[in-house]
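Listed below are the residues making up each chain.
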Amino acid sequence: MTSHDLVTRARRLADDLLAPRAEQVDQEGVPASHIEAIKQSGLLGVSAPVAYGGSAAPGAVARETAEILAGACCSTWFVQTQHHTPVMTLAKSELPVRERLLGPLSRGELMSGVAYAHLRAYPRIPVRVSRERGGWRFDGTVPWYTGWGLNDVMLLAGVTDADEALFAFTEAREQPGLRSSTPMRLAALTASRTVSLELDGLWLPQEAVALHVPYAQWAEADRPKPTNAAPAVFGVAAAALALLDENTAAPLRSRLDEVREQAYALAEHPVPHEHLAERLALRTQAYEVLMTATTAAVVAGGGRSLSLTSRAQRLAREALFLLVQGQTAESRAAHLKVLADA
């Protein structure tokens, strides 16, 4: 645990707003007022450069604030967590869009969503990008886009005919060439306003591009990310353990702390491409503790856990969501192997 100011703000936000309304949000949707509170908290700039209004906080702070938010209201956490990839993409970019958007995003004046996970389906290409009129044309389907109606902008990605990954910003709204589905009804996190996007000739200017590299180069940099245990897993597990008596919770909390310590030590490793098998193993172990903790919370709650107003069942459904969030073929295979060998 850290004493960083952003951790204090995250705890205050969680205790005063997010946790007390989490069951209501789960049923009704993340309200714009929650997003406004996140914007004003400074948490959207946790990892952003100080020169652009961010905090450039250590990774430990970013992980702890994510745990706190996810444990309080996983839907709100999931909407806002999309924002950090665009910020870090711009922080590393040398293209003109950096100067236009990095400051507003770092300061929380704007919030961004992301539409890029489909790149991991390669060699299947759900979104194709081609040159047109000095800019870029996007065609295809984005299967999942979270925060529709809450985000100001989005970072959209596709693959070019030359096998390049291209990321560009656009407004997060319907426009010529971009149409959204109705919000999806999901077993968990329906509140996050997740839609699919149909792209039919969406044109973006060259000035909107934030990243343009060979696909293989992007994939190599992306590969380690889904192998790490996500802070949200530890946050939701801790929230479930808080619903148990101490005799039941203590051994599970000890196991959770052990896995977290090992996973976060690897997250701090200076070479992200090393120890991938160990990272995947710890990710799976974190899931095991998560499922045990949330199952225990449901058992402890008895029949009351079946009510949609029950915190235990909400956390259990959120745990199901986290099992597949950020999943790749590699992480899926590793997890299934552990389950088959159990």
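For clarity, every value in this text was computed on a predicted model and none was experimentally measured.

Novice: Could you give an account of the nonpolar core, with specific residues and numbers?
Specialist: Within the largest apolar cluster, 64 residues are counted, with the highest numbers of intra-cluster contacts made by W77, F234, L290 and L322. Beyond its immediate stretch of four places on either side in the chain, L290 contacts V233, V236, A237, A319 and L322. The next biggest cluster of nonpolar side chains, apart from the first, holds 22 residues, and it includes A48, L90, L119 and V159.

Novice: I'd like a description of the state of the cysteines, backed by residues and values.
Specialist: Linking two cysteines covalently via their sulfur atoms produces the bond known as a disulfide. Summed over the entire model, instances satisfying the criterion amount to zero disulfides. As a non-bridged cysteine, C73 has C74 as the owner of its nearest cysteine sulfur, 7.8 Å distant. Judged by its relative accessible area of 2%, C73 falls in the buried class.

Novice: Tell me about the pairing of strand β5 (residues 164-171), and please be specific about residues and values.
Specialist: For β5, a buried count of six out of eight residues is recorded, marking the element as mostly surrounded by other parts of the structure. In the sheet, strand β4 (residues 153-160) pairs with β5 via seven bridges, with the strands oriented antiparallel. By the bridge assignment, L156 is partnered in β5 with A168. Between β4 and β5, which follow one another and run antiparallel, lie three residues, and D163 among them has a positive phi close to 60°. Bridging between β5 and strand β8 (residues 209-214) involves five bridges; their strand directions are antiparallel. Within β8, the residue paired with F167 across the bridge is L211.

How each quantity is defined
- Residues numbered from 1 in each chain as written.
- Predicted model: local features only at pLDDT ≥ 70, side-chain atom pairs only at ≥ 80, totals over all residues.
- Heavy atoms only, no water.
- Core = buried A, V, L, I, M, F, W, Y, C linked by side-chain atoms within 4.5 Å.
- Buried < 20%, exposed > 50% of the residue type's maximum accessible area, 1.4 Å probe, protein only.
- Contact = heavy atoms within 4.5 Å.
- Disulfide = S-S within 2.5 Å.
- Helix = DSSP H or I, 4+ residues; strand = E, 2+ residues; numbered from the N terminus.
- Pairing = 2+ DSSP bridges.

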